[in-house]
Amino acid sequence: MEVIIRPDSDAAASLLVALIEQVVRQKPNATLGFATGHTMEMVYSKLAAKHANEGLDFSGCSTFNLDEYIGMSGKDPSSYRHYMNERLFSKIEIDLANTFLPNGVAEDIDAECERYERLIEERGGIDLQLLGIGSTGHIGFNEPLSALRSRTRAKALAPETREQNASMFGNDVDRVPKRAITMGVGTILDSRRCILLATGAAKAEIIASAVEGPVTSMISASALQLHTRCTVIVDEEAASALQNQDYYRWIFENEPEWQEFQ
Ligand code: GLP
């Protein structure tokens, strides 16, 4: 794992966008793993701008999102399908047939989860998986006690998560679904590269636990310590509870890979 601290959320999102651009330019048919949440909004608007102004071409890419609420069709404005279509897919000229999210209204949810796993495999696995982190430490919707080897499945949402996500439901926590389909921790760890983005002071404590604490199923993001190629990008605020900030900064300044991003 490596940790990169950027001055603010704009610079943190810009670095992530630069990494995505590098992957897509090197491999025009890349399979990208996308995440939702407020943190990613800036990333998607910057990606849309890259497409519009610099011709970054996503037409050969396939995309897989981490999760979708159960019981919510893609037409619902609070669904993650709607979020992705509005914020990104409609702006980057990608064929929607190559963009995948779990189907939250599938009749047989278990079969849908298996289908999703198979689809990821058929598209050659995920080259770059974007991740946010929830206040419970979840990646995707892998709530505390999610098995570290779990695969795509239905998961009940923690009360804290429903409260955190209520802003996407008109601040009405009762409207937030109680369950979701999510890629498992094991599914996420199978991605060739993982990048977690966290910004703002509210994420400081959970980032410190996930990065510097023990690997535990109570904080599924801590499982990223097991990944061979994981980068955590944080702004100063989200970095503020990390013990070893000087070390992370030193590595960033001295690793050749990061020279072109400084
Ligand atoms: C939801 C998503 C997570 C995401 C989290 C962070 O819960 N399922 O994948 O990491 O939101 O949300 P935000 O960026 O709004 O803090």
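An account of the accompanying structure is given in this report. (Residues numbered from 1 in each chain as written. Predicted model: local features only at pLDDT ≥ 70, side-chain atom pairs only at ≥ 80, totals over all residues. Heavy atoms only, no water.)

Before going further, it helps to spend a moment on the site of the ligand. Around the ligand, a shell composed of 15 residues is seen, among which H38, T39, D67, H138 and K203 lie nearest. Between an oxygen atom of the ligand and a main-chain N or O atom of G132, the distance comes to 3.4 Å. At 3.3 Å from a nitrogen atom of the ligand is found a main-chain nitrogen or oxygen belonging to G140. In the complex, 95% of the free accessible area of the ligand, which totals 390 Å², lies under the protein chains. Tallied by class, the residues present in the shell around the ligand amount to 4 nonpolar, 9 polar and 2 charged. (Near = heavy atom within 4 Å. Polar contact = N/O pair within 3.5 Å; in protein donor to acceptor, adjacent residues only side chain to side chain. Areas by Shrake-Rupley, 256 points an atom, 1.4 Å probe, with all protein chains shown as cover. Nonpolar A, V, L, I, M, F, W, Y, C, P; charged D, E, K, R; others polar.)

Let us now look at the sheet that holds strand 7 (residues 153-156). Read across the sheet, 3 strands follow the order 4-8-7 without closing on themselves; strand pairing throughout is antiparallel. Since the sheet does not close on itself, it has two edges, and those belong to strand 4 (67-69) and strand 7, each with one partner. Taking each pair of neighbouring strands and ignoring which way they run, the sheet shows an average axis angle of 30°. Across 4 bridges, the pairing between strand 7 and strand 8 (residues 179-182) is antiparallel. Residue A154 lies in a different strand from strand 8, and its bridge partner there is I181. (Pairing = 2+ DSSP bridges. Helix = DSSP H or I, 4+ residues; strand = E, 2+ residues; numbered from the N terminus. Axes fitted to C-alpha atoms, helices over the stretch in contact; angles between N-to-C directions.)

Residue placement: D127 occurs in the loop between helix 4 (109-122) and strand 6 (128-131). Residue classification places D127 among the buried positions, given a relative accessible area of 11%. One polar contact links D127 to K27, side chain to side chain, over a distance of 3.0 Å. Not counting residues up to four positions away in its chain, the partners in contact with D127 are K27, A30, T31, R192 and R193. (Buried < 20%, exposed > 50% of the residue type's maximum accessible area, 1.4 Å probe, protein only. Contact = heavy atoms within 4.5 Å.)

Let us now look at the nonpolar core. L32, V43, Y44 and L196 are the most contacted members of the largest nonpolar core, which has 79 residues in total. With 9 residues, helix 1 (residues 9-26) is the single largest residue contributor to this core. Dropping the residues within four chain positions of it, V43 is found in contact with A13, L16, V17, I20, L130 and L197. Core analysis: the next-biggest nonpolar cluster, separate from the first, contains 5 residues, I70, A106, C113 and I181 among them. (Core = buried A, V, L, I, M, F, W, Y, C linked by side-chain atoms within 4.5 Å.)

So, about unusual backbone geometry. Leave glycine aside and you will find that most residues have negative phi; peptide bonds, for their part, are mostly trans. In this structure, E93 takes a positive phi of about 50° despite not being glycine. Summarising the element assignment, E93 is placed in the loop between helix 3 (80-87) and strand 5 (99-100). Of note, L145 is a non-glycine position whose phi angle comes to about 80°, a positive value. What makes L145 exposed here is its relative accessible area of 59%.

This brings us to helix 3. Owing to its 3.6 residues per turn, the α-helix aligns residues three or four sequence positions apart on the same side. Y80, R81, Y83 and M84 are the residues of helix 3 that are buried. Projected onto a plane normal to the axis of helix 3, the buried residues spread over an arc of 160° and lie on a single side. Considering only its buried residues, helix 3 is in contact with strand 2 (31-34), helix 2 (41-54), strand 3 (62-65), strand 4 and strand 5. (Arc of directions from axis to C-beta.)

The 7 strands lie next to each other as 1-10-9-6-2-3-5, forming an open sheet whose pairing is parallel. Edge strands, defined here as strands with exactly one partner in the open sheet, are strand 1 (2-6) and strand 5. Inspection of the sheet shows strand 6 paired to strand 9 (residues 194-198) by 3 bridges, in the parallel sense. Bridge pairing links L131 to L196 in strand 9.

The subject of this paragraph is the pairing of strand 8. In the sheet, strand 4 pairs with strand 8 via 3 bridges, with the strands oriented antiparallel. By the bridge assignment for strand 8, Y69 is matched with A180.

Here we take up the side chain of T136. Within the element layout of this structure, T136 appears in the loop between strand 6 and strand 7. The exposure class of T136 is buried, given its relative accessible area of 9%. Here the side chain of T136 touches H138 through a polar contact of 3.5 Å, landing on its backbone nitrogen. At 2.7 Å, the side chain of T136 forms a polar contact with the side chain of E143. The contacts of T136, once residues within four sequence positions are left out, are E143, P144, A158, E160, T161, I206, M218 and I219.

Running from amino to carboxyl end, helix 1 crosses helix 2 at an angle of 50°, the nearest separation of the two axes being 9 Å. Considering their axes alone, helix 1 and helix 2 lie oblique with respect to each other. Considering how the two elements wind past one another, helix 1 and helix 2 form a crossing that is right-handed. The residues of helix 2 that touch helix 1, namely those facing S9, D10, A13, S14, L16, V17, I20, E21 and R25, are M42, V43, K46, L47, K50 and E54. Residues belonging to the contact of helix 1 with helix 2 are distributed by class as follows: 7 nonpolar, 2 polar and 6 charged. (Parallel < 35°, antiparallel > 145°, perpendicular 65-115°, else oblique. Left-handed = near helix turned anticlockwise from the far one by under 90°.)

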